[in-house]
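What follows is each chain in one-letter form.
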Amino acid sequence: MNDFILPDIGEGIVECELVKWLIKEGDRIEEDQPVAEVMTDKALVEIPAPHAGIVVRLYCQEGEIARVHSPLFAVDDGVGESDETHQSEADVSADHESADHESDTAVMAGQRQTQAPEAAISSTAQSQIHTSIVERRSRDFILPDIGEGIVECEVVTWHVAEGDTVEEDQTIVDVMTDKALVEITASESGRIVRFHYAQGENARVHTPLYAYVPDDISEAEELGECDDGAAEAVSHSSRAPQDSERQPGNSGATPVTSHQARIPATPAVRRLLREHALDITVIAGSGRKGRVLKEDVLAYLARAEESAGDASVSFPQASVGNQRDDSPPDHEKRDDIRQTAPVRLEARRVPLKGVAAVMARRMVQSSTQIPHFHYGDELDVTDLLLLRARLKPRAEQEGVRLTLMPFIMKAMALAVIAEPVLNARLSEDGESIHYQDSCNIGMAVDGAAGLMVPNVKGVERLSILDIAREVGRLTESARSGRVAQADLKGGTLSISNIGALGGTYAAPIINQPEVAIVALGRTQRLPRFDAEGQVCARDIMTITWAGDHRIIDGGTIARFSNLWKHYLEHPDEMLLSLA
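Residues numbered from 1 in each chain as written. Predicted model: local features only at pLDDT ≥ 70, side-chain atom pairs only at ≥ 80, totals over all residues. Heavy atoms only, no water.

Enquirer: Is there a simple way to think about the pattern of salt bridges in this case?
Expert: Note on pairing: side chains with opposite charge can pair once their charged atoms come close. Taken as a whole and judged by the stated rule, the model has 16 salt bridges. Among the salt bridges present, the one from Glu398 reaches Arg469, with a minimum N-O distance of 3.6 Å. With Glu398 in the loop between helix 11 (382–397) and helix 12 (405–418) and Arg469 in helix 13 (residues 464–480), this pair connects stretches of sequence that are 71 residues apart. In this structure, Glu419 and Arg559 form a salt bridge, with 3.3 Å as the shortest nitrogen-oxygen distance. In this pair, Glu419 sits in the loop between helix 12 and strand 18 (424–426) while Arg559 sits in helix 15 (residues 554–569), placing the two residues 140 residues apart along the sequence. (Salt bridge = Lys/Arg side-chain N within 4 Å of Asp/Glu carboxyl O. Helix = DSSP H or I, 4+ residues; strand = E, 2+ residues; numbered from the N terminus.)

In C-alpha cells, the structure reads:
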C-alpha cells in the first residue's frame, strides 16, 4: 500500500479544499486518471493518479481541507505481491466453501507435522491474511521538514524493527542531512509495519518514511475484516507452538504465549526483559493500555532483589547512583584496547557523505575564495585560571561546569564592540560589508557525526554563567551528533580549541561566511620575566588568528587581538566592561 502525497499545486499554496472525489474506496484506477478536484485560493485543480492500482483508503472527505505534501489517498499497486497473496486475500472474502478448501489444503500441508484438522488455514496463508489486513489499516509516517533547504537525507540507523510496538515521541530512526545527524521520533504510538527505506538509502522529505498501525486500532479490529472461519483459524494457529515468539536466553525460559505477545512494550523494554530472562506476563504494566514501561521492569527487579537478599538479581549500574564498582582494573582496560585495536591495515573505500562531505566542500571553498591572513600571539592566563578556580565551586552549585571557554568568548564579544568588522560579513558580490547586531561565537567540536561548529547566540548579552551553560549544552549535543539546526546557523566568529587535544599551533581555515577564526593552543607552564626582571612560572596559551584579508588588515586584527588579550590577562578589568 502506498500513500499518494498531494503535490505542489501552485506557488505559495500550502492547502486546498477537497471539492469532489472522482473515485471511491475499492475502485481500480489507471495512471493519470483524474481522482479528485480541489479548490485553491486561485483556481479549481484536477488531481491525476500517479500510477495504476486499487484505491484502499480516502484520507479526506469532500469539503475538508487537505494540506500540500500530506497523504491524500492510499492505493494498492500490487507491486511485490505474489499470486499466493492475491489468492489468500480472495479466500478471506470468500464464503464457507472457499474456507473449506483452505482447510483441506492446510490439512494436506500439515501431514508431516501431524497437525490437528482444526488448523483451518496454513501458517503461510494466515500470515499473508494478517499482513494484508495490517497493510490496509496502516498509516504512513511522512518525513517532515528537517532543515531549511534540505530535500533529502540518509537513513543512518533504525532504532526499531518491523513489528515493534513504539510509544509517541520514541526515537525511530537517525537520519543524516548535509548539516547534522537528526533524530526522527514517532508522531503517535503504534506498531511498525514496514520500512520504506533501508539503512544507507536516501529518503526524500515529504515522502513516506515508514508504515505503522496506530494503537487505537486493536488486534481484534485488524482481524475483523476476516470472516468467522478465517478469524477462528488464525486464533487457533496463533496458539500453535511454532508461531510463538522466540525468546533468547536460557533454554528453559517460559515460551511466549499469544496473550503475552499482545502486551505492548518498547524494544528497549523487551531487551531489558531478555537480559534478565523475565517473562513479560508477570510484570504489571503501568502504561496506557497495560503497556510495560522500563520503570515497571526496574521496580520488579528491585522487589526481587529485596526479597532474595544479596544473592539476587544484579542491578544495572546506572540505578546505583554514581558508583562505578563494575569498572575493570586499569590493566584490563589496556588489554581491551590491545584486543580491539586493528592488527593490520586494510584496503577499503568509504564514501564521503553527510557532515564530513559538507565540511570538505566548505573548507575547499573557503581556502580557495578567501585570502587568509594569519596572526599569532601568546596569552598569559595565570590570573584567569586563578579566577576560574575561585568561581568553579559557585558554578557547580548551579549545575554548571566552568571552563576557560566562557571567559574567552565573553572577552571576544567585548573586543568586537571596539572592532566590529571582526563580527561582520562580506556580501556575496563582494560589494558591501554587513555588520551584525549580535555576536554569535561558534566553537569547533569533534563530534560523532564529524566536525561541527555550533554557536552561542548573543554572547555580548550573556553572563559568564549563561555562556557556560550554553557551551556545555552545545558540546554535549555536538559530541552525540544531535545538534539542532538553529544552533549551527548564524555564527559570526569561531574558535577552534586544538589545545584540548594537545596541539600548540595551528593555521585555522575561516568558517565562511564569517571573516575570522582563532585557534587556541594548549596551556603550558613556562618561565617568564616579571615586572622586576625575575624569572617566574606563568601559564601561557598560544593563539593563532585567521582573518579575511579582503576586509581585515594586519593592524585591525592586531588591535582586536590585543584588546581581547588584555581582557583575558586582566580579568578584573574585564568585569568593569560588562554591561
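Enquirer: In this structure, what is going on with a nonpolar patch on the surface? I would like to understand it.
Expert: Where nonpolar side chains cluster on the molecular surface, the patch consists of Val19, Met39 and Leu44 and spans about 230 Å² of accessible area. As for its position among the elements, Met39 is in strand 4 (residues 34–39). Accessibility expressed as a relative area gives 35% for Met39, which makes it partly exposed. (Patch = residues over 30% accessible without salt bridge, like charges linked within 9 Å, V, L, I, M, F, W, Y side chains within 5 Å. Areas by Shrake-Rupley, 256 points an atom, 1.4 Å probe, with all protein chains shown as cover. Buried < 20%, exposed > 50% of the residue type's maximum accessible area, 1.4 Å probe, protein only.)

Enquirer: Is there a simple way to think about the environment of Leu143 in this case?
Expert: Along the chain, Leu143 turns up in the loop between strand 9 (139–142) and strand 10 (152–158). Separated by 64 residues in the primary sequence, Leu143 and Thr207 have C-alpha atoms spaced 5.8 Å apart. The residues touching Leu143, leaving out its near neighbours within four places in the chain, are Cys153, Ile184, Ala203, Arg204, Val205, His206, Thr207 and Leu209. (Contact = heavy atoms within 4.5 Å.)

Enquirer: Any chance you could explain the packing of aromatic side chains here in plain terms?
Expert: By convention here, two paired aromatic rings are described through the distance between centres and the angle between planes. Taken as a whole, this structure holds eight aromatic pairs when the rule is applied. On the basis of an interplanar angle of 10° and a centroid distance of 3.8 Å, the ring pair of Trp158 and Phe195 is categorised as stacked. Taken together, the positions of Trp158 in strand 10 and Phe195 in strand 14 (residues 190–195) put the pair 37 residues apart, joining distant regions of the chain. Here Trp158 matches Phe195 in class, with each residue buried. Taken together through their ring pairs, the aromatic side chains of Phe141, Trp158, Phe195, Tyr210 and Tyr212 make up a single cluster. (Phe/Tyr/Trp six-rings, centres within 6.5 Å; stacked < 30°, edge-to-face > 60°.)

Enquirer: Mind showing me how you'd approach the packing of helix 12 against helix 15 here?
Expert: Two quantities define a packed helix pair, namely the angle between the axes and the distance from one axis to the other. Two elements in contact, helix 12 and helix 15, have axes separated by 9 Å at closest approach and are oriented at 135°. When the interaxial angle is binned, helix 12 and helix 15 end up oblique. Along this stretch, helix 12 crosses helix 15, giving a crossing that reads as right-handed. Taken together, the residues of helix 15 that come into contact with helix 12 (itself represented by Phe407, Ile408, Ala411, Met412, Leu414, Ala415, Val416 and Ala418) are Phe560, Leu563, Trp564, Tyr567 and Leu568. Residue classes in the contact of helix 12 with helix 15 are distributed as 13 nonpolar, no polar and no charged. (Axes fitted to C-alpha atoms, helices over the stretch in contact; angles between N-to-C directions. Parallel < 35°, antiparallel > 145°, perpendicular 65-115°, else oblique. Left-handed = near helix turned anticlockwise from the far one by under 90°. Nonpolar A, V, L, I, M, F, W, Y, C, P; charged D, E, K, R; others polar.)

Enquirer: Whenever I open this one, the sheet that holds strand 11 (residues 165–166) confuses me. Can you help?
Expert: Strands belonging to one sheet form pairs held by backbone hydrogen bonds; the direction of such a pair is parallel or antiparallel. Spatially, 9-16-14-11 is the arrangement adopted by the four strands of the open sheet, whose pairing is antiparallel. The two strands at the open ends of the sheet, each matched to only one other strand, are strand 9 and strand 11. Here strand 11 runs beside strand 14; their pairing, made up of two bridges, is antiparallel. Bridged to Thr165 within strand 14 is Arg191. (Pairing = 2+ DSSP bridges.)

Enquirer: I'm lost on the environment of Leu273 in this one. Help?
Expert: The residue Leu273 is located in helix 7 (residues 267–275) in this model. With 24 residues separating them in the primary sequence, Leu273 and Val297 have C-alpha atoms 7.4 Å apart.

Enquirer: Hey, could you run me through helix 11 in this one?
Expert: In an α-helix there are 3.6 residues to a turn, and that puts residues three or four apart on one side. Taking 1.5 Å of rise per residue, the 16 residues of helix 11 would be expected to cover 22 Å, and the 24 Å separating its terminal C-alpha atoms lies within 8% of that figure. A positive backbone phi angle near 75° is found at Gly399, which sits one or two residues after helix 11. (Expected span 1.5 Å × (residues − 1).)

Enquirer: How do you make sense of the nonpolar core when you look at a structure like this?
Expert: The nonpolar side chains of a soluble globular protein tend to be buried, and buried together. Grouped together as the largest cluster of nonpolar side chains are 58 residues, with contacts concentrated most on Ile408, Met409, Met412, Ile495, Leu520, Trp545 and Trp564. If sequence neighbours within four positions are ignored, Met412 has contacts with Ile441, Leu493, Ile495, Val518, Trp545, Phe560 and Trp564. (Core = buried A, V, L, I, M, F, W, Y, C linked by side-chain atoms within 4.5 Å.)

Enquirer: Teacher, can you tell me more about the environment of Asp437 here?
Expert: As for its position among the elements, Asp437 is in the loop between strand 19 (433–435) and strand 20 (441–443). Along the sequence, Asp437 and Thr492 sit 55 residues apart, while their C-alpha atoms lie 9.9 Å from each other. Discounting chain neighbours no more than four positions away, the residues touching Asp437 are Glu460 and Arg461.

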